[in-house]
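Descriptive structure summary
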Amino acid sequence: MDGMWNAAFLTALFSSGMRQSVPLIYGSVGDCVSEKSGVMGICIEGEMLFGAFFSYLFALQTGSLWLGVLMGAVSGMLSSLIVAVWSVYFRQDQSIIGIMFNILAIGVTNFLNRMIFGTYIANISIETFQPIRIPLLSRIPILGEVLFCQDILTYLAILFAVITFIVMRKTKLGLQIMAVGENPKAAQASGIQVYKYRMLSYMFCGFTAGIAGASLTLSSVGTFTEAISAGRGFICLAIVILSRWNPLLTLIASFGFGSIQALQIRLQVQGSDMPYQFFVALPYLITVLVLIVAGHNIRAPRELGNPFHKESR
Amino acid sequence: MITKKGIQRIIVLLLAVAAAMLVGTVMILLSGANPLEAYYYMLIRPLTSISSIGEVSMYFTPLLLIGIGVSFTFHAKLNNLGGEGQMLMGALGMTIVGIPPVGNALGALSLPIGFLLAIVFGGIWASIAGFLKVRFGASEIVVTLMLNYIAVQIISYMVFYPLRSGAEPQSPKIAVTLPKIVSFSRINWGVIIALILVFVYALVIAKTKFGFRLRTVGGSAKAAVYSGVSTKKYYFLSMLVSGAFCGLAGAVQISGNTTRLMEGIAADFGFTGIVVAMLGGLNPVGLVIAAFFMALLSAGSVTMQVKTGIPTSFTSVLQALIVLFILLGMALSNIELKKKKGGKA
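Below, the structure is looked at part by part. For clarity, every value in this text was computed on a predicted model and none was experimentally measured. (Residues numbered from 1 in each chain as written. Chains lettered and ligands numbered in written order. Predicted model: local features only at pLDDT ≥ 70, side-chain atom pairs only at ≥ 80, totals over all residues. Heavy atoms only, no water.)

**Side note on the overall build of chain A**
Helix and strand counts for chain A stand at 12 helices and two strands. Helices (α) and strands (β) of chain A occur, in sequence order from the N terminus, as α-α-α-α-β-α-β-α-α-α-α-α-α-α. Here chain A holds 313 residues, and 58% of them are scored as buried. Taking the intrachain contacts of chain A between residues at least 6 apart in sequence as the baseline, contacts between residues at least 24 apart amount to 79%. Accessible surface for chain A amounts to roughly 12900 Å². Of this, 67% is attributable to carbon and sulfur atoms. (Helix = DSSP H or I, 4+ residues; strand = E, 2+ residues; numbered from the N terminus. Buried < 20%, exposed > 50% of the residue type's maximum accessible area, 1.4 Å probe, protein only. Contact = heavy atoms within 4.5 Å. Areas by Shrake-Rupley, 256 points an atom, 1.4 Å probe, with all protein chains shown as cover.)

**So, helix H2 (residues 44-62) of chain A**
Residues and elements named next belong to chain A. With 19 residues, H2 extends 26 Å from end C-alpha to end C-alpha; this agrees with the ideal 27 Å at 1.5 Å per step. Across the 19 residues that make up H2, a large majority, 14, are buried. Positioned one or two residues after H2, Gly 63 has a phi angle of 80°, which is positive. (Expected span 1.5 Å × (residues − 1).)

**So, the interface of chain A and chain B**
Facing the 42 residues of chain A at the interface are 45 residues of chain B. Note on chain A versus chain B: buried area summed over both sides is about 3900 Å², and carbon and sulfur give 80% of it. Together, Met 100, Phe 111 and Gln 277 of chain A form the three largest contributors to the area buried by chain A at its contact with chain B, with a combined 16%. Counting across the interface, chain A meets chain B through zero salt bridges. Counting across the chain A and chain B interface gives five residue pairs in polar contact (both at pLDDT 80 or more). Of all the secondary structure elements, the ones that give two or more residues to the side of chain A that touches chain B are helix H3 (65-89), helix H4 (94-117), helix H10 (232-242) and helix H12 (276-294) of chain A. Considering each element in turn, the side of chain A that touches chain B owes the most residues, 13 residues, to H4 of chain A. (Buried area = accessible area lost by both parts, 1.4 Å probe. Salt bridge = Lys/Arg side-chain N within 4 Å of Asp/Glu carboxyl O. Polar contact = N/O pair within 3.5 Å; in protein donor to acceptor, adjacent residues only side chain to side chain.)

**Brief notes about the packing of H10 of chain A against H12 of chain A**
Residues and elements named next belong to chain A. Contact geometry of H10 with H12 gives a least axis separation of 9 Å together with a crossing angle of 35°. Note that H10 runs across H12; the crossing there is left-handed. Residues Ile 235, Ala 238, Ile 241 and Leu 242 of H10 touch H12, and the partners they reach there are Pro 283, Tyr 284, Thr 287, Val 290, Leu 291 and Ala 294. Split into classes, the residues belonging to the contact of H10 with H12 amount to nine nonpolar, one polar and no charged. (Axes fitted to C-alpha atoms, helices over the stretch in contact; angles between N-to-C directions. Left-handed = near helix turned anticlockwise from the far one by under 90°. Nonpolar A, V, L, I, M, F, W, Y, C, P; charged D, E, K, R; others polar.)

**Quick notes on unusual backbone geometry**
Residues and elements named next belong to chain B. The peptide bond linking Pro 100 to Pro 101 adopts the cis configuration, its omega dihedral lying at 5°. For Asp 268, which is not glycine, the phi dihedral falls at a positive 75°. Mapped onto the secondary structure, Asp 268 falls in the loop between helix H10 (231-258) and helix H11 (269-279). Exposure remark for Asp 268: the relative accessible area of 54% places this residue in the exposed category.

**Side note on the nonpolar core**
Here is a general trend for soluble globular proteins: nonpolar side chains tend to be buried in one another's company. Grouped together as the largest cluster of nonpolar side chains are 188 residues, with contacts concentrated most on Met 100 of chain A together with Ile 68, Leu 261, Ile 274, Leu 279, Met 294 and Phe 314 of chain B. Other than its neighbours up to four places away in sequence, Met 294 of chain B contacts Leu 63, Thr 272, Val 275, Val 276, Leu 279, Gln 319 and Ile 322 of chain B. (Core = buried A, V, L, I, M, F, W, Y, C linked by side-chain atoms within 4.5 Å.)

**Observations concerning the side chain of Arg 232 of chain A**
Here Arg 232 of chain A is to be found in helix H10. Sequence-distant contacts of Arg 232 of chain A, defined by excluding residues within four places in its chain, comprise Gln 20, Pro 23, Leu 24, Glu 45, Met 48, Leu 216 and Gln 261 of chain A.

**So, helix H1 (residues 4-30) of chain B**
Residues and elements named next belong to chain B. A rise of 1.5 Å per residue sets the reference length of H1, with its 27 residues, at 39 Å; its end C-alpha atoms lie 39 Å apart and thus fit the reference within 8%. Along H1, the residues that are buried comprise Val 12, Leu 13, Ala 16, Val 17, Ala 20, Gly 24, Met 27 and Ile 28. Gly 32 occupies a position one or two residues after H1 and carries a positive phi of about 85°.

**Some details on the packing of aromatic side chains**
Throughout the structure, instances matching the rule amount to 30 aromatic pairs over all chains. When the centroid spacing of 5.9 Å and the interplanar angle of 40° are considered together, the rings of Phe 160 of chain A and Phe 204 of chain A count as tilted. Here Phe 160 of chain A is found in helix H6 (residues 152-170), whereas its partner Phe 204 of chain A is found in helix H9 (residues 194-221), with 44 residues between them in sequence. On the basis of an interplanar angle of 50° and a centroid distance of 6.5 Å, the ring pair of Tyr 39 of chain B and Phe 314 of chain B is categorised as tilted. Taken as a pair, Tyr 39 of chain B in helix H2 (residues 35-44) and Phe 314 of chain B in helix H13 (residues 313-344) lie far apart in primary sequence, 275 residues in all. There is no split in this pair, since Tyr 39 of chain B and Phe 314 of chain B are both buried. Connected via pairs of aromatic rings, a cluster forms that spans Phe 50, Phe 53, Phe 54, Tyr 56, Phe 101, Phe 117 and Phe 224 of chain A. (Phe/Tyr/Trp six-rings, centres within 6.5 Å; stacked < 30°, edge-to-face > 60°.)

**Quick word on a nonpolar patch on the surface**
There is a patch of nonpolar side chains on the surface, built from Ile 181, Trp 189, Ile 192, Ile 196 and Val 200 of chain B and spanning about 410 Å² of accessible area. Judged by its relative accessible area of 40%, Trp 189 of chain B falls in the partly exposed class. (Patch = residues over 30% accessible without salt bridge, like charges linked within 9 Å, V, L, I, M, F, W, Y side chains within 5 Å.)

Right under this line is the structure:
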């Protein structure tokens, strides 16, 4: 065991951790925006599944990875419309909607998968996004391999987190979204359409969760398997709490969780005295620990998860 | 006894089921099958013989127990999304006591002791989420979900290593199983136990201080005095009781159905239990009907897949749609009630 913690191992580990973190970054950055507006992202898990399935389907049919990503994002956004209408406009319990939506997503994607691709256990694999080496930077020891030798979706994820951070912190739009989540009554009084902002914030989250799903199928695996999201959507929720609703910090938290995932896979493959089930359970266990440490959080949007009555006074 | 509001609620529930089945019909048509045939295999065929009703009962008992369990937390306006994990831990409790040599030594006693241990295991597993909620403010939604994934791995470990018997990753058979009611069908005494517990649930919620306080905490009982009721205490207790029922579902699953611990024995049960609680409207009679309907869907979907080629995942779609339509119906009927009120004023 001691011999394995050398530079080559760490480089490979963190490089893989970075790749593993990509769906988590997209999911949690989108969730930051949605939660700031007051809508919880329990449905990210399901939106990821829709994104993963439709991105694979379209990439396979058209041969274009980019069209795949786009359709994954669009399917995530369109499916999030259900959640947005049910939770914002009809003001129903967001966690029940979330869980039912996730079941719906598993059902629909499995149904379509069986109907379109038959009952084969493994689907056809497609060519995935390839790593792009950034000149000079990629030659930095360890860091170069980890940060500057990734595929395009990884670079876009980082860029996307930075842009979202700037929009949320420095623009009027960001302030308005925040106002809707903190004090919808005051926001409404000042002329902000609360429903509209919440719906759009949530659909934005669906869009990014769709890209997260696309990154699962088009970045690494190259195929769709049933329930491929495997709880990542829920881990995004913990990442957002840990990052205190700050899109930039989600980069670090996602990288942390991605690395745990990468470590877990490596330890499983290498074989160790610990049963492999322990390593599979590790990310979920750490999520619980994160909630214990960061559960009492004064930075949480005040009206998170609470429906808003337009007519209420 | 049935109020106008009650009738309205029943209508909403029935309409939700109808609407979900209508969407289901479109899906069946798109997949090129005959909807009437598909629904026949799903909803009617399982009821045509006592032995196939026995198959339905295999789903009915655990679903009813989880439905009751989830209802306890719903009364306190909490969400227990961890039914699967709690059921698995309960199954583990039953298995430890039921398999040889302990099971042989205990004989018939292994059933009540196993049930008790299952209740304790399920209760402890759920109360982790309850404790973290009360003590650290950790969202019970995320924690119960995470505990599902962790329980799945614990069970996987158990059947791969310490409890393994033979080549397959599964435990040995338990020594004593739940007795059947009739010899030619799998239906067993678990059904009776679950039905008695529905009665207990009804009494606890309607007649006891615990039930009243639970509803007070959840805001559905009009409490004259709010002071003196510790919200935290009842949050914790509702999770504990909820987990105990889900754990019992695991014990019934082992002792009445699978007879041994395996991976995946609780898959889908946890979330379907939520559907049962929602569709049953937390009402004891409603829970029984809803659990029966969901059991029918689960048992029937297997036959449907074989006969018509429609994948069993179709059931998940129906279940999710039913709850979404119930929520829609409740929202719409609330809006109407509100309008009336506004009109009078």
